[in-house]
Structures are given as structure tokens and as C-alpha cells.
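# Geometric and topological summary
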Amino acid sequence: MFIQLLIFISIIIFSIETIPDLEPHTRVLLRRVDLFIVIVFTIEYILRISLSKRKLKFIFSFFGIVDLLAILPFYLSIGVDLRSLRAFRFLSVFRILKLMRYNRAIHHFTRAIRSAKEEILLFIFVTLILMFFSAVGIYYFEHEAQPEYFSSVFDSLWWAVITLTTVGYGDVYPITIGGRVFTFFILMIGLGIIAIPTAIISSALTKSMDRKGEK
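Residues numbered from 1 in each chain as written. Predicted model: local features only at pLDDT ≥ 70, side-chain atom pairs only at ≥ 80, totals over all residues. Heavy atoms only, no water.

### Considerations on helix 4 (residues 62–76)
Its 15 residues give helix 4 an end-to-end C-alpha distance of 21 Å, which sits within 8% of 21 Å, the value for a rise of 1.5 Å per residue. Largest kink in helix 4: about 30 degrees, centred on A70, with the proline P73 one to four residues after it. Listing the buried residues of helix 4 in full gives G64, V66, D67, L69, A70, I71 and P73. (Helix = DSSP H or I, 4+ residues; strand = E, 2+ residues; numbered from the N terminus. Expected span 1.5 Å × (residues − 1). Bend = angle between axes of the 7 residues up to and from the residue. Buried < 20%, exposed > 50% of the residue type's maximum accessible area, 1.4 Å probe, protein only.)

### Here we look at the pattern of salt bridges
Using the criterion set out here, one finds one salt bridge in the structure. Of the charged contacts, one joins E44 and R48 as a salt bridge, the two residues approaching to 3.2 Å between their closest N and O atoms. Of this pair, E44 and R48 both sit in helix 2 (residues 24–51), separated by four residues, roughly a single helical turn. (Salt bridge = Lys/Arg side-chain N within 4 Å of Asp/Glu carboxyl O.)

### Things to note about helix 1 (residues 2–16)
Its 15 residues give helix 1 an end-to-end C-alpha distance of 21 Å, which sits within 8% of 21 Å, the value for a rise of 1.5 Å per residue. Residues I3, Q4, L6, I7, S10 and I13 constitute the buried set of helix 1. Buried positions along helix 1 lie against helix 2. (Contact = heavy atoms within 4.5 Å.)

### Remarks on the side chain of T163
With respect to the helices and strands, T163 occurs in helix 8 (residues 153–164). Accessibility expressed as a relative area gives 6% for T163, which makes it buried. Here the side chain of T163 touches W159 through a polar contact of 2.7 Å, landing on its backbone oxygen. (Polar contact = N/O pair within 3.5 Å; in protein donor to acceptor, adjacent residues only side chain to side chain.)

### Focus: a nonpolar patch on the surface
Judged by side-chain polarity, I177, V181, F184, F185, L187, M188 and L191 come together as a nonpolar surface patch covering roughly 710 Å² of accessible area. Within the secondary structure, I177 sits in helix 9 (residues 177–214). For I177, a relative accessible area of 71% gives the class exposed. (Patch = residues over 30% accessible without salt bridge, like charges linked within 9 Å, V, L, I, M, F, W, Y side chains within 5 Å. Areas by Shrake-Rupley, 256 points an atom, 1.4 Å probe, with all protein chains shown as cover.)

### Remarks on the nonpolar core
In terms of nonpolar packing, the biggest core is built from 16 residues, with I3, L6, I7, I37, F41, Y45 and I71 touching the most fellow members. The set of elements that each furnish at least two residues to this core consists of helix 1, helix 2 and helix 4. Sort the elements by how many residues they give to this core and helix 2 lands first, with seven residues. If we skip the residues at most four places from it in the chain, I71 touches V38, F41, T42 and Y45. Formed by twelve residues, the second largest nonpolar core is a distinct cluster that contains F123, A135, I138 and W159. (Core = buried A, V, L, I, M, F, W, Y, C linked by side-chain atoms within 4.5 Å.)

### Concerning the packing of aromatic side chains
Aromatic ring pairs are described here by two measures, namely the spacing of the ring centres and the angle between the planes. Applying the stated criterion to the full structure yields seven aromatic pairs. Each ring, one from W159 and one from F182, has its centre 6.3 Å from the other, and the planes form 25 degrees; the classification is stacked. On the criterion of sequence distance, the pair formed by W159 in helix 8 and F182 in helix 9 is long-range, its members being 23 residues apart. Considered together, W159 and F182 belong to a single accessibility category, that of buried residues. Between the aromatic rings of F184 and F185, the centroid separation amounts to 5.3 Å while the plane-to-plane angle is 75 degrees, which identifies the pairing as edge-to-face. One aromatic cluster in this structure is built from F133, F141, W159 and F182. (Phe/Tyr/Trp six-rings, centres within 6.5 Å; stacked < 30°, edge-to-face > 60°.)

### Points about the packing of helix 2 against helix 4
Here helix 2 crosses helix 4 at 140 degrees, and the two axes come no closer than 10 Å. Relative to helix 4, helix 2 is oriented so that their crossing is left-handed. Between helix 2, through D34, L35, V38, F41, T42, Y45 and R48, and helix 4, the contact on the second element is made entirely by G64, D67, L68, A70, I71, F74 and Y75. Considering only residue class, the contact of helix 2 with helix 4 consists of nine nonpolar, two polar and three charged. (Axes fitted to C-alpha atoms, helices over the stretch in contact; angles between N-to-C directions. Left-handed = near helix turned anticlockwise from the far one by under 90°. Nonpolar A, V, L, I, M, F, W, Y, C, P; charged D, E, K, R; others polar.)

### Re the side chain of Q146
Looking at where Q146 falls in the secondary structure, it is placed in the loop between helix 7 (117–142) and helix 8. Those residues in contact with Q146, other than ones at most four positions away along the chain, are Y173, P174 and I175.

### Some words on the packing of helix 1 against helix 2
In the contact formed by helix 1 and helix 2, the axes pass within 10 Å of each other and the chain directions differ by 140 degrees. Taken together, the axes of helix 1 and helix 2 are oblique relative to one another. For the crossing formed where helix 1 meets helix 2, the hand is left-handed. Between helix 1, through F2, I3, L6, I7, I9, S10, I13 and I16, and helix 2, the contact on the second element is made entirely by L30, V33, D34, F36, I37, V40, F41 and E44. Looking at the contact of helix 1 with helix 2 residue by residue, the class counts come to 13 nonpolar, one polar and two charged. (Parallel < 35°, antiparallel > 145°, perpendicular 65-115°, else oblique.)

Below you can see the structure in the form of C-alpha cells.
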């Protein structure tokens, strides 16, 4: 519970530090609290390695990498201005993944993902094919009418993504009759695409909970 509390505090600190007009003393206080959290996480990481029977296996495991990423940005920032290393500062967000070790509900979810990984991979593969097909189709329908938006299949991929995911930002849309009819069918497919992974994961979660009940 103590580690989980520190994880939440560290995420809150990370978010507060993005406020542009923070008082200098507030930033100093946040850095001190973050230093304490990093020290605790570092001790935890070292203890887990030392107590692990297979040290290398733990270091390169999912949770081992997460534990390392949770403390790595701090040590990289020593003597370095992280404004030039924003990508490394962003790694602090990975601290929230440490919660997966302690949350039972997340454990059920990860087990469900593992059990349905073949179905999920198949779904991703089919989705990528449909996305490419959509980009090619809209390119041939809209290229001549809107060459600035549909200049190539690669440019058309943006339209395919926002249409198949039913987001529809409205920045790129068809103006030809053929393009609109084609978009209608793609939108119908997109609605189905949104529903498929939900059904796969919910079914896997149900099976995981049933197995737990049987035990």
C-alpha cells in the first residue's frame, strides 16, 4: 500500500511540474518529495534483484524494465538539464505501470490479454489490411478533387485511421459522390472494428474470472 501511494504521489508531482507558473519554492518541495520517492523505488529495485533467484530474468522481465524506467529519468537528470532530454523525463510516466504488480483486477486483465493474444493479433492484422484498403480506395476517389489532402496513399492513411476508428475529426473528408459512398461503407466497417476487440477481451475476462471461481 505504501508503494502504491508513492506511485500516485509521483504521478501527481509529474503533472504539477508541467504547470508553467509554479513558485520556485514549490518546485523545490516537489523535487525533494520526488527524490524521496526515487530513493524508495531504487531500494525496492535493488532488493528485488538481490532476492530474485534468476536475477537476469527479472532484470529483463516486464516488471523489471518498468521498475528501472521508474527511476532512470532521475539519475539521467543528475547534472543534466532535462529540458534538452524531454523524452527521458517522459519515462517517469512508466511509474504508473508499477501498479500492475499490486492490483488484482489488472492481473485478471493481463491474463485475459495473454489468453486471447492470438485473436487480438489476428484482429490487428485484419485492421491494418482494412486500413490500407481504405487509404487506397479513398485516394482513387478523392485524389483529383482534393490533391492537397489525398496526394498519395500515405497521406490518405490519416483519413483511414480517423474514419475506421469513427473519430472523424472533420479536417479531411470526401467531397465526391463516390468518396462519400465509399466512406459510408468504411464507417460501417469501423463500427464493427470497435466492437470486436471489446467482445474478445470481455470474453477472455469472463473465462479468467470463471477459472478463478473454480479454484
